[in-house]
Amino acid sequence: SQQGEEDPQALSIQEGENATMNCSYKTSINNLQWYRQNSGRGLVHLILIRSNEREKHSGRLRVTLDTSKKSSSLLITASRAADTASYFCATDELSGANNLFFGTGTRLTVIP
Amino acid sequence: GAGVSQSPRYKVAKRGQDVALRCDPISGHVSLFWYQQALGQGPEFLTYFQNEAQLDKSGLPSDRFFAERPEGSVSTLKIQRTQQEDSAVYLCASTEGSTDTQYFGPGTRLTVL
């Protein structure tokens, strides 16, 4: 079963605009990761944020984590057409399970 | 260095056939995971190996699914008597430890007719 949900399910923006995607999850976690998936391809790791961190940056990516609300957001600034993909959040549960629990994904389309 | 590779990339099977999907993890990675991704959904966990030991197989949907990693490197996911509901992309991932970033292969898209 899916651990989390991304919001929105689909997002369409113009090149140069910022894109914000949200993720909610259900249980206590060790860390939360964001992945990108281009159509027909595998998942590419973007960024990992640990449960004791609140914000993290990597290039044009900014991730926030609010463990009290069990939510995270991914901001992509100055979007490019190449950012068009599906974005998934994945959590590593505190209970000890080693696998990742993925959300349902946000389909981002960046219009040139 | 080389990433995670999977073969075949695409597999079409007739209902009732057995299939075997291969995963070559990143060299030296201890942990290996298999996930199933249905169309339009996020990946869902199937099973987890640490070296050659299968430590968690709670996500395998039925006893028709079997995975092995006999020498602690290459892994094979076998599906017996395939059904249409088995149609999905099967993803493999590996990590150095058990809680590090998971690196995914390109997946095998299985279509059962």
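Remember, it's a predicted structure, so these values are computed and weren't measured experimentally.

This next bit is on the sheet that holds strand β1 (residues 5-7) of chain A. Residue and element names in this part refer to chain A. Across the sheet, which stays open at both edges, the five strands sit in the order β1-β3-β8-β7-β6 with antiparallel pairing between neighbours. Two strands close off the open sheet at either side, each with one partner strand: β1 and β6 (55-58). On average, each strand axis in the sheet is inclined to that of its neighbour by 15°, with strand direction left out of account. Of the strand pairs in this sheet, strand β7 (residues 61-66) and strand β8 (residues 71-76) are connected by six bridges, and their pairing is antiparallel. Paired with L61 across the two strands is I76, which belongs to β8.

Glancing now at the pairing of strand β6 (residues 53-56) of chain B. Residues and elements named next belong to chain B. In this structure, strand β5 (residues 44-50) lies alongside β6, joined through three bridges in antiparallel fashion. Paired with F49 across the two strands is Q54, which belongs to β6. Connecting β5 to the antiparallel partner β6 that follows it, the hairpin turn spans two residues, and N51 within it adopts a positive phi of roughly 55°.

Residue and element names in this part refer to chain A. Here strand β3 (residues 19-24) shows one buried face, formed by A19, M21 and C23, and one open face, formed by T20, N22 and S24. Note that β1 and β3 share three bridges and pair antiparallel. For E5, the partnering residue across the bridge sits in β3 and is S24. Relative to β8, β3 is paired through six bridges, and the arrangement is antiparallel.

It is worth spelling out the state of the cysteines at this point. Residue and element names in this part refer to chain A. For the coordinates displayed, the defined rule picks out two disulfides over all chains. One disulfide in the model links C23 with C89; its S-S distance is 1.9 Å. Disulfide C23-C89: the torsion about the S-S bond is 65°, which places it as right-handed. You can see C23 sitting in strand β3 and its partner C89 sitting in strand β9 (residues 85-93), a full 66 residues away along the chain. Looking at C89, the relative accessible area reads 2%, which means it is buried.

Moving on to the sheet that holds strand β3 (residues 19-24) of chain B. All names here are of chain B. On the basis of which strands lie adjacent, the open sheet formed by four strands has the order β1-β3-β8-β7 and antiparallel pairing. The open sheet has two free edges, formed respectively by β1 (5-7) and β7 (65-68), since each of these has just one partner strand. The mean angle between the axes of side-by-side strands here comes to 15°, regardless of whether they run parallel or antiparallel. In this structure, β7 lies alongside strand β8 (residues 75-79), joined through four bridges in antiparallel fashion. Along β8, the bridge assignment pairs F66 with K78.

Criteria and cut-off values
Residues numbered from 1 in each chain as written. Chains lettered and ligands numbered in written order. Predicted model: local features only at pLDDT ≥ 70, side-chain atom pairs only at ≥ 80, totals over all residues. Heavy atoms only, no water. Pairing = 2+ DSSP bridges. Helix = DSSP H or I, 4+ residues; strand = E, 2+ residues; numbered from the N terminus. Axes fitted to C-alpha atoms, helices over the stretch in contact; angles between N-to-C directions. Buried < 20%, exposed > 50% of the residue type's maximum accessible area, 1.4 Å probe, protein only. Disulfide = S-S within 2.5 Å.

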